[in-house]
Amino acid sequence: MVRAMNDHALPIAVIGAGPAGLFAAERLTEAGHRVRVHERMPSVARKLLMAGRGGLNLTHSEELEPFLARYGEARPWLEGAIRAFPPQALRDWAEGLGQETFTGSSGRVFPRAMKASPLLRAWLARLAGLGVEIRTRERFLGWDGDALRFETPAGERRDEAAAAILALGGASWPRLGSDAAWVPTLGLPMEPFKPANMGFTCAWTPFFRENFAGQPLKRIALRFGDQQRRGEAMITAEGIEGGAIYALAAPLREAILAKGEVILIIDLRPDLSLEALAERLAAPRRGQSLSSFLKRAASLPPVAIALLREAGAPPEAAVALAGLIKEFPLRLTGLAPIERAISSAGGVRREGLDEHLMLKERPGTFLAGEMLDWEAPTGGYLLQACFATAALAAEGASRWVTRRQL
Ligand SMILES: Cc1cc2nc3c(=O)[nH]c(=O)nc-3n(C[C@H](O)[C@H](O)[C@H](O)COP(=O)(O)OP(=O)(O)OC[C@H]3O[C@@H](n4cnc5c(N)ncnc54)[C@H](O)[C@@H]3O)c2cc1C
């Protein structure tokens with residue numbers, strides 16, 4: 001229910017105009033508060049627009065139980081927020097902005113437009129209609145007593161606010177705005193940021209790098225420890241990335257950080273059993289080169305055949321060759337940089353916040369979005385958690401301000 005705005009009250013400051021900040025601003029104005037948004041970049045929601053390049057996977061259609069399990073250790077923390085603002089609520093919200101959604105074959109939910117710009121345009125028009133003031137090129141620097149300090153084109157400024165919601169984002173793709181420059185200056189209780197949903201480096205030979213970077217490995221299966229994922233991966237100049245890799249990125253990252261290098265097992269023909277493949281490879285070669293033979297007998301694309309050669313000369317015997325195709329050991333030498341990761345792990349720790357995501361050390365300051373210490377795979381889980389935590393923080397800030405005005 002929208003209440004009349006109290007124009008005489010100090011505004012609530014929302015800092016960071018990504019999806020979490022903008023959604024918090026929307027919820028607060030709907031609850032009758034005056035809201036001012038501060039964004040360090042010249043324009044808002046750049047990462048959301050970038051996410052739109054991949055179709056804007058808003059959320060996922062699976063049942064809430066498996067959905068919540070995607071947040072791993074952070075589930076107990078996020079569960080209440082996601083139950084209060086579940087995937088269907090996010091779909092309804094997008095549809096309320098004129099963005100019809102659909103469920104893809106993988107269960108992922110996208111806007112029909114498959115991009116973020118029409119949604120963002122409609123959203124900003126709604127926020128303007130609600131009276132949200134958005135100030136760009138204003139970087140939050142920290143506090144001076146209770147005042148908020150901003151670096152602006154006109155110099156440093158101090159603002160009073162009734163409450164503040166920080167939604168400063170994580171540490172991936174810093175050129176889109178969330179550069180995590182606040183980590184050393186704000187003194188918040190942090191779990192260090194690490195890349196999440198990122199690629200890995202591999203020691204490709206110059207031949208492989210020059211000829212196969214940019215090529216996909218389609219319909220493969222990956223195995224690491226007891227975890228398996230089917231999907232696609234992409235060869236890059238430095239290593240490997242893509243959906244199936246991101247799905248295993250968290251355990252792979254932790255193993256690499258602990259041991260330096262890990263072996264990822266790739267099944268290049270997951271739809272054929274070892275025996276069926278060995279039988280095909282036992283056929284006479286009739287003078288064909290190994291590449292032509294593998295292409296014909298195992299239906300492997302050139303990139304997969306070249307990958308097999310990266311481990312040295314492939315074995316001649318059919319069973320051993322089939323074994324290599326079914327269990328190719330790819331050595332991952334390191335993590336691709338956080339600058340190119342889809343998201344980040346780490347962030348402000350749960351222990352520093354109350355149940356409405358208010359900083360215990362700074363009452364009246366609430367946090368939302370990717371700056372909090374949680375991680376999730378791709379599939380719409382990232383945006384869902386950003387919106388849900390924004391709704392929770394906005395509810396907390398609204399209650400806090402209202403209580404103080406009574
Ligand atoms: C290539 C790519 C594709 C993605 N695709 C998807 C997808 O399909 N589905 C999905 O769920 N997720 C996706 N994500 C992740 C998703 O975009 C992020 O999780 C989400 O944008 C985080 O929202 P946020 O509001 O917490 O932070 P952000 O979107 O990062 O916004 C934070 C804002 O705060 C501003 N800011 C930072 N510091 C300050 C400061 N000191 N003062 C003022 N302002 C500041 C930043 O400029 C930024 O605008 C993708 C990410 C990338 C990089």
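Not measured: the values here are computed from a predicted model.

K.L.:
Hey, could you go over the site of the ligand for me, with residue numbers and the actual values?
P.N.:
Around the ligand, the surrounding shell holds 30 residues, and the nearest of these are Glu39, Asn57, Phe140, Glu370 and Leu383. Leu383 is positioned with one of its backbone polar atoms (N or O) 2.7 Å from an oxygen atom of the ligand. In the complex, the protein chains occlude 94% of the 1000 Å² of accessible area that the ligand would expose alone. Looking at the shell around the ligand, the elements with two or more residues in it are helix 1 (19-30), helix 2 (46-53), strand 7 (139-144) and helix 15 (381-405). A class-by-class count of the residues in the shell around the ligand yields 15 nonpolar, nine polar and six charged.

K.L.:
Explain the pairing of strand 14 (residues 227-235) to me, using residue names and the numbers behind them.
P.N.:
The pairing of strand 13 (residues 216-224) with strand 14 spans seven bridges and is classified as antiparallel. Across the sheet, Leu222 pairs through a bridge with Arg229, a residue of strand 14. In sequence, strand 13 turns back onto strand 14 through a hairpin of two residues, with Gly225 there showing a positive phi of about 60°. As paired elements, strand 14 and strand 15 (residues 239-241) share two bridges and run antiparallel to each other. Counterpart to Ile235 in the pairing with strand 15 is Ile240. Once strand 14 ends, the chain turns through three residues before running back antiparallel as strand 15.

K.L.:
Which residues make up the sheet that holds strand 4 (residues 101-103), and what are the values?
P.N.:
Backbone-to-backbone hydrogen bonds join strands into a sheet, with any given pair of strands oriented parallel or antiparallel. Pairing is antiparallel across the open sheet formed by three strands, whose spatial order is 3-5-4. Only two strands of the sheet have a single partner each, and these edge strands are strand 3 (59-60) and strand 4. One ladder, built from two bridges, connects strand 3 with strand 5 (residues 108-111); its direction is antiparallel. Its bridge partner being in strand 5, His60 is matched across the sheet by Arg108. Relative to strand 4, helix 5 (residues 87-96) is tilted by about 140°, and along the sheet it contacts strand 3, strand 4 and strand 5.

Rules and cut-offs
Residues numbered from 1 in each chain as written. Predicted model: local features only at pLDDT ≥ 70, side-chain atom pairs only at ≥ 80, totals over all residues. Heavy atoms only, no water. Near = heavy atom within 4 Å. Polar contact = N/O pair within 3.5 Å; in protein donor to acceptor, adjacent residues only side chain to side chain. Areas by Shrake-Rupley, 256 points an atom, 1.4 Å probe, with all protein chains shown as cover. Helix = DSSP H or I, 4+ residues; strand = E, 2+ residues; numbered from the N terminus. Nonpolar A, V, L, I, M, F, W, Y, C, P; charged D, E, K, R; others polar. Pairing = 2+ DSSP bridges. Contact = heavy atoms within 4.5 Å. Axes fitted to C-alpha atoms, helices over the stretch in contact; angles between N-to-C directions.

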